Amino acid sequence: MSNPIKDSIFKELFEDRTVFYDFLKAFLPKKITKQIKETDLKREQTELIGKDFSIKRSDILYKIEKGNAPKGVQGNGQDVYIYLLLEHQSKVDQLMAFRMLAYKVRIWERYVKSHKKESEQKGFKLPVIIGIVFYDGKAKWTSPMDVKEKITEIKNMEEYLIKANYELINLSNIKEETIINMKNALGVILLTDKPNVKIKKMEELLKMINEDIISKLPEEEKEKFDKHRNAFLELLRKRTDYKEIEERYEELKEMEVPKMFNTLEEIAKRDREKAKVEGKLEERKELIIEILNQRFGKDLDKKLEEKIRKANEETINQIKKNILSITIEELKEILK
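So, a few notes on the structure that sits alongside this text. (Residues numbered from 1 in each chain as written. Predicted model: local features only at pLDDT ≥ 70, side-chain atom pairs only at ≥ 80, totals over all residues. Heavy atoms only, no water.)

**Details of a negative patch on the surface**
What counts, and what does not: Residues forming no salt bridge and having over 30% relative accessible area are the ones grouped into patches, like charges within 9 Å of each other and nonpolar side chains (Val, Leu, Ile, Met, Phe, Trp, Tyr) within 5 Å. What sets the accessible areas is the Shrake-Rupley method with a 1.4 Å probe; for residues, cover comes only from the shown protein chains. Definition used for salt bridges: Asp or Glu carboxyl oxygen within 4 Å of a side-chain nitrogen of Lys or Arg. Think of it this way: Lys and Arg go in the positive column, Asp and Glu in the negative one, and His and the chain ends go nowhere. Just so you know, the charge point we use is NZ for Lys, CZ for Arg, CG for Asp and CD for Glu. Only DSSP runs of H or I covering at least 4 residues are called helices, and only runs of E covering at least 2 are called strands; the numbering of each starts at the N terminus.
Together, Asp299, Asp301, Glu329 and Glu330 give the surface a local cluster of negative charge. Note on placement: Glu330 falls in helix H16 (residues 328-334).

**Some points on the packing of aromatic side chains**
Rule in force here: Pairing of aromatic rings covers Phe, Tyr and Trp, the last through its six-membered ring, and needs centres within 6.5 Å; plane angles under 30 degrees mean stacked, over 60 mean edge-to-face, and all others mean tilted. Only protein chains enter the calculation, and the probe is 1.4 Å; a residue is then buried if its accessible area is under 20% of its type maximum, exposed if over 50%, and partly exposed in between. A ring is scored as having a charge over it whenever the NZ atom of a lysine or the CZ atom of an arginine sits within 6 Å of its centre and within 35 degrees of its normal.
By the definition in use, this model includes 15 aromatic pairs. For the pair Tyr135 and Trp141, a centre-to-centre distance of 4.8 Å together with 55° between the ring planes defines the contact as tilted. In this pair, the class of Tyr135 matches that of Trp141, namely buried. Ring pairing ties together the aromatic residues Phe10, Phe14, Phe20, Phe23, Phe27, Tyr62 and Phe134, which thus form one cluster. Over the ring of Tyr249 we find Arg237, and its NZ or CZ is 4.2 Å from the ring centre.

**Side note on the nonpolar core**
Short version of the rule: By nonpolar core is meant a set of buried Ala, Val, Leu, Ile, Met, Phe, Trp, Tyr and Cys residues that side-chain atoms within 4.5 Å join together. Contact criterion: two residues are considered in contact whenever any of their non-hydrogen atoms come within 4.5 Å of each other.
One finds Phe10, Phe14, Phe134, Phe232, Phe261 and Leu264 to be the most contacted residues of the largest nonpolar core, which totals 62 residues. Apart from residues lying up to four places away in sequence, Phe134 is in contact with Phe10, Phe14, Phe23, Leu84, Leu85, Leu86, Glu87, Ile169, Leu171, Leu190 and Asp193. By size, the runner-up hydrophobic cluster in this structure holds 19 residues, among which are Tyr83, Leu85, Met100 and Trp141.

**Some words on unusual backbone geometry**
Phi is positive for Lys183, which is not a glycine, with a value near 50°. Topologically, Lys183 is positioned in the loop between helix H6 (176-180) and helix H7 (185-193). Residue classification places Lys183 among the partly exposed positions, given a relative accessible area of 45%. Not every positive phi belongs to a glycine, and Asp241 is a case in point at roughly 60°. Note that Asp241 resides in the loop between helix H10 (229-240) and helix H11 (243-247).

**Comments concerning the environment of Phe232**
In this structure, Phe232 sits in helix H10. Classification of Phe232 as buried rests on a relative accessible area of 0%. Distance in space between the C-alpha atoms of Phe232 and Leu190 is 8.9 Å, their sequence separation being 42 residues. In this view, Phe232 contacts Val188, Ile189, Thr192, Leu206, Ile209, Phe225, Met260, Phe261 and Leu264; residues no more than four positions away in its chain are not counted.

Have a look at this one:
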């Protein structure tokens, strides 16, 4: 199932050319990225791409314009497109290679339409499209990386198989050290989004980000993070469901970044301690139900059990204090 909240967070993030360029430098082969300058990238609208897939799609399209396109990456002097598909689905799409090919065809269709006169010439060539899938789900990525693997192979007809692959950037497979060593604002957000980050407590992650990344960022990267702190807060809020972040959201957005992280660490610690206390209370409730079941058997019906589970700490302490002498009638009176 698609995640519209994450779609919008990452789409807004990667529409920032500087952040997108950082992303390319971190994860695409260096033989490609060393030939691309940030100023070469021009963001393109994607509304016309893949309308049939609009429910599932969240995409970003950049063009390296003719004249600035890196040598060896494309045909003689032609434009190059970099197409990024954001994949936040809980289930791996086994038709991803086909989807990517379909999107590429739509980009080419639009390119031909905008170069109608040139396309009629013998020497006309279509631009190279580098397809990238950014996946941040928990499930292992098992979808084929090339569309030819989704086509039935028949003896003596192998030459008709279409080859069209894509680059996969699987956040689960990227080591935390690699993200930390990016030393930029994007790394902060990716570490927050990483599904299998090796931490026991949320405040540990926040402390790691604050001490290992934020405090060591160059000034321009600190400014970049400040610009996109909403993306960070949205991802953290989604990952944790801390009510206090929701309640103090506007306040957190206006804080100095170091103070914001200190506050978030305190929120995470309070939430963990609260969960620990509530967990102990739940354990006490189940133990009381077990003891009362042994004492009263069928007389302790399911309705009374549910009332015990919903009771506050004061009521539970009252029952616990008299658990060996309390009668069913007294128990019902306490639970009114």
